[in-house]
Amino acid sequence: MKIHEKYINRCIQLAQNGLGTTYPNPLVGSVVVHNNMIIGEGWHQQAGKAHAEVNAINSVKNKDLLKDATIYVSLEPCSHYGKTPPCSDLIIAHGIKKVVIGSIDPFAKVAGRGIKKLMDAGCEVRVGVLEKQCRELNERFFTFHTEMRPYIILKWAQTGDNFIAPINQPNARPVWITNRFSGQLVHKWRSEESGILVGTNTALKDNPSLTVRKWTGNHPVRLVLDRELKISKEFSLYDNTVKTIIITEKKTEEGSGNTIFEQIDFSQDLVKAITEICYKYEIQSLIVEGGRYTLQQFIDSGTWDEARIFTGNKRFEKGIPAPELIGTLNKQYSIQGDMLEIFENSHLLNNKKKL
């Protein structure tokens, strides 16, 4: 591995520690190298707190070494004042003359301005080291800022004979197809994404909380499709513990607390309306956990990035069939008897390869 790639790869490793805690900011890692040795490293840990470059520079014990050091960062240093000062200014102030960057930031307030500021200050800047991997690291952030929609993850569990639910659900309780280890993994995923969506039927049948309980981390914003406002306000989705957006066709009263109502026309492009609401509320990634109808709408529209499909050992013989999906199998895992397959949208994957 080339020397620059080695250190950018370390930046990527560090950045991954922030998954689920940096929204709406991207995942970023940074290392400071002097005489081929890492003397400082850091990553962006939480929105509103210090960026990766700040943490990396602050971790260097002997600041006198910085003028002869190289700073590596997986994403272009910011050049604007947000909740924190510009990282490009900090790099310049410490006299760091060499900067290696994985990828340009697509965010309109940065988008090359950080690189220009560094170069105008006399820094030697190299861009595009492990660029593909750096873009993949921030697929959510890039998708949100370039396509104006969230990164969409479809998720469901199906039986060995391809059903997602029995026709008659006994005792109005969820019927678990997978084991507890798969269930824990789903809660981990929730902690990593910024939104989660279900439809009316799923809400009525399961009364889900859609929160993180079997893992630690932030709860995703809950989005609920409820065209006719059939879901009782006694249900968990109305408990006000988590920001919840009720998407409805009914003209409603103003929301209260953490509950927000968004009115749309369900006879129009539903998926487009959902993604526009996500963009409005800065929801960069969305897990779609709805029933077959909701999931199939995203599939048929081509508006999805990943599909995470569990197959359990149970068989229903008859029931609600699993969604029909065509995609590229990317990964496959066995989880204590359950099978997890992760697919990518073939069309989008082909577009990415052209970049």
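Whatever comes next refers back to the structure up there.
This is a predicted model, so every value here is computed, not measured. (Residues numbered from 1 in each chain as written. Predicted model: local features only at pLDDT ≥ 70, side-chain atom pairs only at ≥ 80, totals over all residues. Heavy atoms only, no water.)

This paragraph deals with the pattern of salt bridges. Tallied over the full model, the rule gives 17 salt bridges. The closest approach of N and O atoms between E147 and R149, which form a salt bridge, is 3.3 Å. When its relative accessible area of 7% is taken as the criterion, R149 is described as buried. In this structure, R308 engages E306 in a salt bridge whose closest nitrogen and oxygen atoms are separated by 2.9 Å. Here R308 matches E306 in class, with each residue buried. Residues joined in a network through salt bridges with shared partners are E147, R149 and D305. (Salt bridge = Lys/Arg side-chain N within 4 Å of Asp/Glu carboxyl O. Buried < 20%, exposed > 50% of the residue type's maximum accessible area, 1.4 Å probe, protein only.)

Looking now at the sheet that holds strand β15 (residues 328-335). Taken together, nine strands build an open sheet; the order of strands is β11-β10-β9-β8-β12-β6-β13-β16-β15 and the sheet is mixed. In the strand order of this sheet, the two ends are held by β11 (259-263) and β15, each with one partner. Going from strand to strand, the sheet's axes swing by 20 degrees on average, the running direction of each strand aside. Taken together, the seven bridges between β15 and strand β16 (residues 338-344) define a ladder with antiparallel strand orientation. Bridge pairing in β16 places I335 opposite D338. (Pairing = 2+ DSSP bridges. Helix = DSSP H or I, 4+ residues; strand = E, 2+ residues; numbered from the N terminus. Axes fitted to C-alpha atoms, helices over the stretch in contact; angles between N-to-C directions.)

A probe matching the size of a water molecule, rolled over the atoms, marks out where space remains unfilled. In total, this model carries two cavities of 30 Å³ or more according to the counting rule given. Within this model, the largest cavity holds a volume of roughly 60 Å³. In this structure, the largest cavity is lined by L19, G20, T22, Y23, N25, P26, L27, L137, N138, R140, F141 and Q284. Its residues placed into classes, the lining of the largest cavity shows six nonpolar, five polar and one charged. (1 Å grid on protein atoms, 1.4 Å probe; cavity = no way out; pocket = protein on both sides within 12 Å on 5 of 7 lines; lining within 4 Å. Points joined across faces, edges and corners; volume = space filled by probe spheres on them. Nonpolar A, V, L, I, M, F, W, Y, C, P; charged D, E, K, R; others polar.)

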